[in-house]
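# Chains, contacts and geometry: an overview
Residue-level listing of the chains:
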Amino acid sequence: MKQVRILVHGTHPEILETVLRLINKNETWIGEGHTEEEKVIELFMQKQYDLVLLGSGLTDTSEKKIRALFAHHSPDTPIMQHYGGGSGLLKSEIESALSKIRQQEVQVQDNPFG
C-alpha cells in the first residue's frame, strides 16, 4: 500500500508535535511539518505531498498566502483545516480527505473520454 505524505503547518510547537506523532502512528501515513511559514513552504516545494493540514492560529494573511502558493504549485493536493479535538477527530478528518482523493482518482480512471 502506498504511503500517504501529509504536511502540517501549525503555530504551536507542542500541538504540532502531537499532531505529527498521531499521524506517524498510522503505518501508512508519513507526517512532516513546521511552525514557521517559510519552512513549510520550503518542505512543500521540495517534496510531493498527498495532503496539507493547516492548524489553527495561522494569520489570515499567512493562510491565504500558503493556500494560493500551494494551489498554484500543486493544484491537486488538498488543503484542509484542522482545529483540534483529539486523535479520533484528526484521524477521521484525514481519512475523509483521503477518501475524497480516492473517489476523484476513480472517477478519472473510469472516464471513457479521458
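Calculation notes
- Residues numbered from 1 in each chain as written.
- Predicted model: local features only at pLDDT ≥ 70, side-chain atom pairs only at ≥ 80, totals over all residues.
- Heavy atoms only, no water.
- Helix = DSSP H or I, 4+ residues; strand = E, 2+ residues; numbered from the N terminus.
- Buried < 20%, exposed > 50% of the residue type's maximum accessible area, 1.4 Å probe, protein only.
- Contact = heavy atoms within 4.5 Å.
- Pairing = 2+ DSSP bridges.
- Axes fitted to C-alpha atoms, helices over the stretch in contact; angles between N-to-C directions.
- Salt bridge = Lys/Arg side-chain N within 4 Å of Asp/Glu carboxyl O.
- Core = buried A, V, L, I, M, F, W, Y, C linked by side-chain atoms within 4.5 Å.

## Remarks on the overall build of the protein
When you go through the protein residue by residue, the secondary structure sums to four helices and four strands. Helices and strands appear in the protein in the N-to-C order β-α-β-α-β-α-β-α. Burial analysis of the protein (114 residues in total) assigns 38% to the buried set. For the protein, restricting intrachain contacts to residue pairs at least 6 apart in sequence, the fraction spanning at least 24 positions comes to 73%.

## With respect to the side chain of S74
As for its position among the elements, S74 is in the loop between α3 (60-73) and β4 (79-82). S74 gets classed as buried once you look at its relative accessible area, which sits at 11%. With near-sequence residues (within four places) excluded, S74 lies in contact with F44 and Q48.

## Things to note about the sheet that holds strand β3 (residues 51-55)
On the basis of which strands lie adjacent, the open sheet formed by four strands has the order β2-β1-β3-β4 and parallel pairing. Strands at the two margins of the open sheet, each flanked by one partner only, are β2 (29-34) and β4. Strand-to-strand twist across the sheet, computed as the mean angle between neighbouring axes with direction ignored, equals 25°. In terms of strand pairing, strand β1 (residues 4-9) meets β3 through four bridges, oriented parallel. Bridge pairing links I6 to L51 in β3. Sitting on the sheet, helix α1 (residues 13-25) touches β1, β2, β3 and β4, and the angle it makes with β2 is about 165°.

## Focus on the pattern of salt bridges
Two side chains with opposite charge may pair up if their charged atoms get near one another. Taken as a whole and assessed by the stated rule, the structure comprises eight salt bridges. Note that K2 and D50 form a salt bridge whose closest N and O atoms lie 2.8 Å from each other. With K2 in the segment before β1 and D50 in the loop between α2 (37-46) and β3, this residue pair connects regions lying 48 residues apart in the sequence. The exposure class of K2 is exposed, given its relative accessible area of 59%. For D60, the salt bridge goes to K64, with nearest N and O atoms at 3.3 Å. Taken as a pair, D60 and K64 lie in helix α3 at a separation of four residues, close to a single helical turn. Overlapping salt bridges bring together R5, E32 and K47 as one network.

## Thoughts on the nonpolar core
Judged by nonpolar contacts, the single largest core of 17 residues is most densely connected at I6, V8, I23, W29, L53, L90 and I94. Sorting the residues of this core by element identifies β1, α1, β3 and α4 (87-110) as the ones contributing at least two each. Discounting chain neighbours no more than four positions away, the residues touching I94 are I6, I23, W29, L51 and M80. Listed in part, the 12 residues of the second largest apolar core include L43, Y49, L54 and F70.

Spatial relationships are all this shows, so hold off on functional conclusions.
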